[in-house]
Amino acid sequence: DISSSPTAQRILTAAKRILSEEGYARLTLQAVEKESGEYRALVAYYFGNKQGLIDALFKDLMQSEDAALRERLDEIESRDERVRALIDEQRQISVDWRGFRAFYELLPHVMRDERLRTELAVDYAGSREINRRTFAASQTGRGDTDVDKLAALSVAIVEGLAVQYAADQEHFDHEGTYRLWEDMVLAYLRTTRP
């Protein structure tokens, strides 16, 4: 597993910095070599070629703590407290503007690659499921179309607020917007669910 290699991690960190600060066009094996301080032969050893590096970057950027988050949320009995914990986690995720910029730099390439697009769809489905389970009145796993829609909106809110925060950190009220989102979700759930 390359993710456990400190060398591979240095290379991925360098590649993410290039993506987030200079853009996809500047992401070359030569630039990664220079930024990471690792020989290009090591970049090739761990990732093969630029496509292999892009695959690894995509997985690294999409890799989430879904399992750990699910466990933390499942330990909280009160739905309102689960919702607060989830939205707090989402707020923290959305301030990582460098990670989101790197992700958005990769997104056009991901959308043209059937395999990566499928992985993206699976990841989004997993995020929606965490939201759905958090918003559901019980954790039984039974479907509810309104809760499913709210879960999809919640995923979109994270990305939309991340973009707005990245674009204007000085003037965008990130914290206040998340507080309003939390209030709206809780109010909706209280009026529509037992």
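Here the structure is shown first, and the text comes after it.
Residues numbered from 1 in each chain as written. Predicted model: local features only at pLDDT ≥ 70, side-chain atom pairs only at ≥ 80, totals over all residues. Heavy atoms only, no water.

### A word on the environment of F58
Now for step 1: Assignment of secondary structure puts F58 in helix α4 (residues 50–62).
Now for step 2: A relative accessible area of 2% means that F58 is categorised as buried.
Now for step 3: What F58 contacts, discounting residues up to four positions off in sequence, is F103, L106, V110, L116, E119 and L120. (Helix = DSSP H or I, 4+ residues; strand = E, 2+ residues; numbered from the N terminus. Buried < 20%, exposed > 50% of the residue type's maximum accessible area, 1.4 Å probe, protein only. Contact = heavy atoms within 4.5 Å.)

### A few points about the pattern of salt bridges
Now for step 1: Taken as a whole and assessed by the stated rule, the structure comprises 21 salt bridges.
Now for step 2: Between R91 and E175 there is a salt bridge whose closest N-O contact spans 3.3 Å. With R91 in helix α6 (residues 79–94) and E175 in helix α10 (residues 174–192), this pair connects stretches of sequence that are 84 residues apart.
Now for step 3: One salt bridge connects R115 with D113, and the closest N-O pair in it is separated by 3.7 Å. (Salt bridge = Lys/Arg side-chain N within 4 Å of Asp/Glu carboxyl O.)

### A few points about the environment of L12
Now for step 1: By the element assignment, L12 lies in helix α1 (residues 6–22).
Now for step 2: It is 36 Å that separates the C-alpha atoms of L12 and V147, two residues lying 135 residues apart in sequence.
Now for step 3: Look past the residues within four positions of L12 in its chain and what remains in contact with it is F47, L53, A56, L57 and D60.

### Some points on the nonpolar core
Now for step 1: L27, V32, F47, L53, L57, F58 and L106 are the most contacted members of the largest nonpolar core, which has 24 residues in total.
Now for step 2: Looking at this core, the elements with two or more residues in it are α1, α3 (40–47), α4, α7 (97–112) and α8 (114–135).
Now for step 3: The dominant element in this core, judged by the number of residues it contributes, is α4, at seven residues.
Now for step 4: Ranked by size, the runner-up nonpolar core spans 20 residues in total, among them L73, F100, I130 and F172. (Core = buried A, V, L, I, M, F, W, Y, C linked by side-chain atoms within 4.5 Å.)

### Considerations on the packing of α6 against α10
Now for step 1: Closest axis-to-axis distance for the α6/α10 pair is 10 Å, and the angle between their directions is 150°. Accordingly, the angle class assigned to the pair α6 and α10 is roughly antiparallel. When the axes of α6 and α10 are compared, the crossing they make is right-handed. Of the residues in α10, those in contact with R79, D80, V83, R84, I87, Q90, R91 and S94 of α6 are H174, E175, Y178, W181, E182, V185, L186, L189 and R190. (Axes fitted to C-alpha atoms, helices over the stretch in contact; angles between N-to-C directions. Parallel < 35°, antiparallel > 145°, perpendicular 65-115°, else oblique. Left-handed = near helix turned anticlockwise from the far one by under 90°.)

### Some words on the environment of A151
Now for step 1: The topology assignment puts A151 in helix α9 (residues 145–167).
Now for step 2: Separated by 75 residues in the primary sequence, A151 and I76 have C-alpha atoms spaced 18 Å apart.
Now for step 3: In contact with A151, not counting residues within four places along its chain, are R128, N131, R132 and F135.

Remember that the coordinates give geometry; whether it matters functionally is a separate question.
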